[in-house]
Amino acid sequence: MKNIHNRLLIVFLVLFVGVYSCDDFDDPNLDFSNSLPQYVEFRVDNASQLRLVGIEGGEVATVVRMREVQDSDITISYAVTGDFATTGSVVIPQGSLTASLSVTIPEDNIVGTGGTATLALTEVDNGLDIGRGGPQSGLSFVELPVSWVDDLKAITFSSSLTRQVNVETNESGLDTLRFFVRTVNPSDTTTVAADADISVNFTISGDLTAGVDYTLLTPSPIVIDAETSQDTIAIVMANTFDNLTADTQRDFVIELNSFTGGDAETSLATGQTFTQEFLDDTKVFSFSSDTLYVDSAMIQLDPIIVTDISLAGELVADASVTTFNFSASLRNPSNLPVAFSPGESSRPFRIEARVSDFGFSATNMVADTTYHSVVMSGINTVNGDAEVSVSTTADRFVIGVIDPPMN
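Conventions we followed
Residues numbered from 1 in each chain as written. Predicted model: local features only at pLDDT ≥ 70, side-chain atom pairs only at ≥ 80, totals over all residues. Heavy atoms only, no water. Helix = DSSP H or I, 4+ residues; strand = E, 2+ residues; numbered from the N terminus. Buried < 20%, exposed > 50% of the residue type's maximum accessible area, 1.4 Å probe, protein only. Contact = heavy atoms within 4.5 Å. Areas by Shrake-Rupley, 256 points an atom, 1.4 Å probe, with all protein chains shown as cover. Phe/Tyr/Trp six-rings, centres within 6.5 Å; stacked < 30°, edge-to-face > 60°. Core = buried A, V, L, I, M, F, W, Y, C linked by side-chain atoms within 4.5 Å. Pairing = 2+ DSSP bridges. Lys, Arg positive; Asp, Glu negative; His and termini not counted. Salt bridge = Lys/Arg side-chain N within 4 Å of Asp/Glu carboxyl O.

What follows concerns the overall build of the chain. What the chain contains, in helices and strands, is one helix and 28 strands. A burial count over the chain gives 36% of its 407 residues as buried. The contacts of the chain with a sequence gap of at least 6 include a subset with a gap of at least 24, amounting to 74%. Accessible area of the chain: about 22500 Å², with a carbon and sulfur share of 52%.

Next comes the structure, spelled out in structure tokens:
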């Protein structure tokens with residue numbers, strides 16, 4: 001009976017304390033029936049989104065988001081303070097969770113070190129909070145730092161090459177040469193639009209003659225218009241540029257040397273000289289092999305020597321047949337002269353001759369010291385190309401004796 005009374009007393013005390021606690025201990029943070037209000041914040045998914053980095057005159061962009069879809073449009077106001085100031089707003093449409101926000105960094109046309117500012121969410125409608133737990137809670141990104149650099153513009157050739165080699169082409173002449181001149185960011189060579197018209201002056205020098213070897217289609221200066229980043233220097237080579245005369249190397253040099261217009265952030269990059277190098281389209285020919293050795297034991301028999309060799313060189317561009325002749329009394333003269341048709345660069349032919357035809361005999365040969373040669377004697381220049389020549393180091397086909405004759 002005593003145990004029953006004790007248990008009843010314990011139950012009564014628990015109920016009394018519970019009622020007293022509910023009446024006298026009121027902590028809203030422990031009232032789970034009321035969740036925190038919906039809120040907006042900047043979306044920051046990685047470290048690169050913690051700071052907005054741009055270039056003067058360009059835009060920086062970020063995203064504003066909510067956590068739950070609302071049944072109406074949500075308007076969020078923002079403000080930029082710092083080296084420039086502006087305000088605005090974006091709208092998260094009904095049924096969406098995000099809205100893009102972009103800010104244009106103003107152009108000041110003054111060479112400096114860029115600038116900094118802060119982009120902050122300032123107001124939101126429909127009873128939402130700015131940031132989880134309010135803008136001062138530190139639980140959301142409601143401010144982002146902004147930084148930018150000057151939009152410096154360097155005038156350069158579009159190609160980083162400073163020299164290019166061309167060989168004379170055929171009688172149709174070279175294509176139009178085009179030199180692209182553009183404005184770039186000097187730090188990373190990305191294209192940057194001009195803020196105002198830029199007149200770029202250039203000069204041409206070298207070994208070619210204007211009006212004879214080439215025609216300039218775009219005289220100096222060329223103009224890179226405002227809000228664009230490029231213009232072109234165009235030059236047409238004359239049909240007479242390729243000739244049949246053996247010429248030395250010729251250079252065509254174009255240089256960007258000054259400009260007017262633009263703004264204080266515009267400059268001419270250093271070393272803006274481009275050389276187009278023209279090499280003569282000479283065609284040097286030589287034998288494909290240089291020696292045929294004859295066993296001395298064969299000399300007394302005076303055999304007919306038959307061997308196939310070829311002449312090879314650069315492509316013959318002459319419109320007519322180019323022919324080669326040799327000094328030798330051959331058994332098959334129909335193989336000579338060796339004739340190249342236009343567009344050919346190699347042609348085989350056959351040598352047929354007796355040993356005695358080349359002056360060999362058992363009485364006049366000393367092993368490995370005396371040779372007789374089949375030598376290119378020249379080029380038949382009838383309708384020939386003066387730029388075709390014979391190699392000075394491989395201009396002969398040698399017939400040599402391996403061992404002295406046995407007497």
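As a further point, take the packing of aromatic side chains. For the structure shown, the criterion picks out six aromatic pairs. Judged by centre distance (6.3 Å) and plane angle (20°), the rings of F179 and F252 are stacked. Placement of F179 in strand 12 (residues 177-184) and of F252 in strand 17 (residues 250-261) is noted, with a sequence separation of 73 residues between them. Taking 5.1 Å as the distance between ring centres and 85° as the angle between the ring planes, the aromatic pair formed by Y214 and F252 counts as edge-to-face. Taken together, the residues Y214 in strand 14 (residues 214-216) and F252 in strand 17 connect sequence positions 38 residues apart. Judged on exposure class, the residue Y214 and its partner F252 are both buried. Ring-pair connections join several aromatic residues into one group, and the members of that group are F157, F179, Y214, F252 and F274.

The next thing to look at is the environment of D129. Looking at where D129 falls in the secondary structure, it is placed in strand 8 (residues 129-130). Residue classification places D129 among the partly exposed residues on the basis of a relative accessible area of 25%. In this structure the C-alpha to C-alpha distance between D129 and P37, which are 92 residues apart in sequence, comes to 6.5 Å. Ignoring any residue separated from it by four or fewer positions in sequence, one finds D129 in contact with P37, Q38, Y39, V40, V124 and G134.

In a soluble, globular protein the nonpolar side chains are often hidden away together inside. Core analysis: the biggest nonpolar cluster contains 28 residues, and V40, V64, I76, L101, V103, L119 and L121 have the highest contact counts within it. Among the secondary structure elements, those contributing two or more residues to this core are strand 1 (39-42), strand 3 (59-66), strand 4 (74-82), strand 5 (86-92), strand 6 (98-104), strand 7 (115-124) and strand 9 (143-149).

Below, the discussion takes up the pairing of strand 10 (residues 153-157). Judged by how many residues are buried, strand 10 sits mostly within the fold: five of five residues are covered. Neither face of strand 10 is exposed, since K153, I155 and F157 on one face and A154 and T156 on the opposite face are all buried. Bridging between strand 10 and strand 18 (residues 266-268) involves three bridges; their strand directions are parallel. Note that in strand 18 the partner of I155 across the bridge is L268.

Moving on to unusual backbone geometry. Each neighbour pair has its own omega, and for S220 with P221 the value is 0°, a cis peptide bond. By the secondary structure assignment, P221 is in the loop between strand 14 and strand 15 (222-224). Positive phi outside glycine occurs at N126, with the angle close to 65°. Residue placement: N126 occurs in the loop between strand 7 and strand 8. At E227, a position not held by glycine, the phi torsion is positive, near 70°. Examined against the element boundaries, E227 turns out to sit in the loop between strand 15 and strand 16 (230-237).

Taken together, the four strands give an open sheet; going across it, the order is 6-3-1-8, and neighbouring strands pair in mixed fashion. The open sheet has two free edges, formed respectively by strand 6 and strand 8, since each of these has just one partner strand. In this structure, strand 1 lies alongside strand 3, joined through three bridges in antiparallel fashion. Across the sheet, the residue bridging to V40 is M66, located in strand 3.

This brings us to the side chain of E56. Within the element layout of this structure, E56 appears in the loop between strand 2 (52-55) and strand 3. For the buried residue E56, which engages in no salt bridge, the nearest side chain bearing the opposite charge is K153, 6.3 Å off. Dropping the residues within four chain positions of it, E56 is found in contact with I105, P106, E107, D108, N109, W148, V149, D150, D151 and E265.

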